[in-house]
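Coordinate inspection notes
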Amino acid sequence: MKLESNTHSKNIMRFAKEHPETVVLSADLGTSCEVKEFAKVYPDRYFSMGIAEQNMCSWAAGLAREGFYPMLHTFAVFLYRRILDQIEMSVAYPNLPVVFVGFVPGITTPGGVSHQSTNDIGVLRTVPNMAVFDIGDATEIEGVLDLAHAFNGPVYIRMLRKDVPRFFPADEPMRFNHARVLSEGNDITLLSSSICTEEALRATAALKAKGLSIQHLHVSTLKPFTDPTVVDACEKSKYGVITIENHSVVGGLG
Amino acid sequence: MAENGIGKKLFKVGLQDTYAHGASKMYLLKKYGLDAMTLIDGAQKLTGESFGIGEHELKEIRFEDFTAV
């Protein structure tokens, strides 16, 4: 397993070059959210909005209406809990193409409960028009902005930063609403997402050595959640289904 | 699952309807049961078998320093 560093930073530079309408907004956490390089290279497309996420969200809606492609960068927790009304009224209801790039999702922050986005998928799955992606490795970081762009509506991404493992081949990018099959089997079906896929791989190696046959899928599109691959996998399990996620068991993958 | 008429058991590993305190990822994964051992426990509950897998049999957890904001 190879560790990749600052993959989002590299990927957004590539994406911004291909899509000149891309603008980045940050809420005083640009350096912590891997958009420092973007701000340096594209200062006229970078807006430091201060610790005022609700204002940042309404701005993004206005920019989207004017033909820009705004990408909001801050910690995931500030991109759903604090600004839900602005998300719903300014962005989701008019179905505008705005990308919410939420960093340090779930428990991947030392900041405690004020910084932990542990029910963000549950909340945002209920928001109409919205797509929700949960990133699990470096290959997915490289693919997710293109999927968001193709979706052409409001998108929430649970993004990983700094050193992120690469589990999936770089030439097999993430697919929209399509789980990745990591092992085939029919005793148990295992669905994993986010950083928990790494834990799932540790467990499946030991369980397979004991003779258990496991159908393991990595799921990164949490909304829409209509992937027939997941339905088929659940159907064929002899004993049942296990889900593991970096989120509350209520409202998320499970 | 219910929408598709699948009547299977479901074991959910994640935060069990609780807030978590602030600490390293490795510590929190273990403390709140989001880890490989909890998953193995789930497999044992579903199959009714005991696999006798100890933490030492798993690949070592990757150390990650999350102290930076």
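If you're wondering where the values come from, they're calculated on a predicted model, not measured in any experiment.

Definitions and limits used
- Residues numbered from 1 in each chain as written.
- Chains lettered and ligands numbered in written order.
- Predicted model: local features only at pLDDT ≥ 70, side-chain atom pairs only at ≥ 80, totals over all residues.
- Buried ≥ 20, exposed ≤ 12 C-beta atoms within 10 Å, placed from the backbone.
- Helix = DSSP H or I, 4+ residues; strand = E, 2+ residues; numbered from the N terminus.
- Pairing = 2+ DSSP bridges.
- Right-handed = clockwise from strand over helix to strand, strands pointing away.
- Axes fitted to C-alpha atoms, helices over the stretch in contact; angles between N-to-C directions.
- Parallel < 35°, antiparallel > 145°, perpendicular 65-115°, else oblique.
- Left-handed = near helix turned anticlockwise from the far one by under 90°.
- Contact = placed C-beta atoms within 7 Å.
- Nonpolar A, V, L, I, M, F, W, Y, C, P; charged D, E, K, R; others polar.
- Domains from an automatic or database assignment.

Attention now moves to the pairing of strand β6 (residues 131-134) of chain A. Residue and element names in this part refer to chain A. Burial along β6 is two-sided: Ala131 and Phe133 facing one way and Val132 and Asp134 facing the other are all buried. As defined by bridge partners, β6 adjoins strand β7 (residues 155-158) across 4 bridges and the pair is classed as parallel. In the sheet register, Val132 faces β7, and the bridge partner there is Tyr156. Taken together, β6, helix α6 (residues 138-151) and β7 constitute a β-α-β crossover, and its handedness is right-handed.

Moving on to the packing of helix α7 (residues 196-209) of chain A against helix α2 (residues 36-47) of chain B. α2(B) packs onto α7(A) with a crossing angle of 50° between their chain directions and a minimal axis gap of 8 Å. The angle between the axes of α7(A) and α2(B) places the two elements in the oblique class. For the pair α7(A) and α2(B), the sense of crossing is right-handed. When α7(A) is examined against α2(B), the residues A:Glu199, A:Ala200, A:Arg202, A:Ala203, A:Ala206 and A:Leu207 are found in contact with a partner set consisting of B:Ala36, B:Leu39, B:Ile40 and B:Ala43.

With that out of the way, let us pick up the interface of chain A and chain B. In this assembly, 41 residues from chain A lie in contact with 40 residues from chain B. For the side of chain A that touches chain B, the secondary structure elements donating two or more residues are α7, α8 (228-236) and β13 (240-248) of chain A. Class assignment of the residues belonging to the side of chain A that touches chain B gives a composition of 19 nonpolar, 15 polar and 7 charged. Note: β13(A) against strand β1 (residues 10-15) of chain B, 5 bridges, orientation parallel. If you follow A:Ser248 over to β1(B), its bridge partner there is B:Leu15.

Let us look at the packing of helix α1 (residues 7-18) of chain A against α6(A). Residues and elements named next belong to chain A. Relative orientation of the contacting elements α1 and α6 amounts to 25°, with a least axis distance of 9 Å. In this view, α1 runs roughly parallel relative to α6, as classed from their interaxial angle. With respect to the hand of their crossing, α1 and α6 are arranged in right-handed fashion. The residues of α6 that touch α1, namely those facing Thr7, His8, Asn11, Ile12 and Phe15, are Ala138, Ile141, Glu142 and Leu145.

A separate point is the domain arrangement of chain A. All names here are of chain A. Annotation of chain A at the domain level lists domain 1 (2-166) and domain 2 (180-244). When each unit is reduced to the centre of its C-alpha atoms, the spacing between domain 1 and domain 2 is 27 Å. Each side of the interface is counted separately: domain 1 has 15 residues, and domain 2 has 11 residues. The element contributing the most residues to the side of domain 1 that touches domain 2 is β6, with 4 residues. Taken together, the residues that form the side of domain 1 that touches domain 2 break down as 8 nonpolar, 3 polar and 4 charged.

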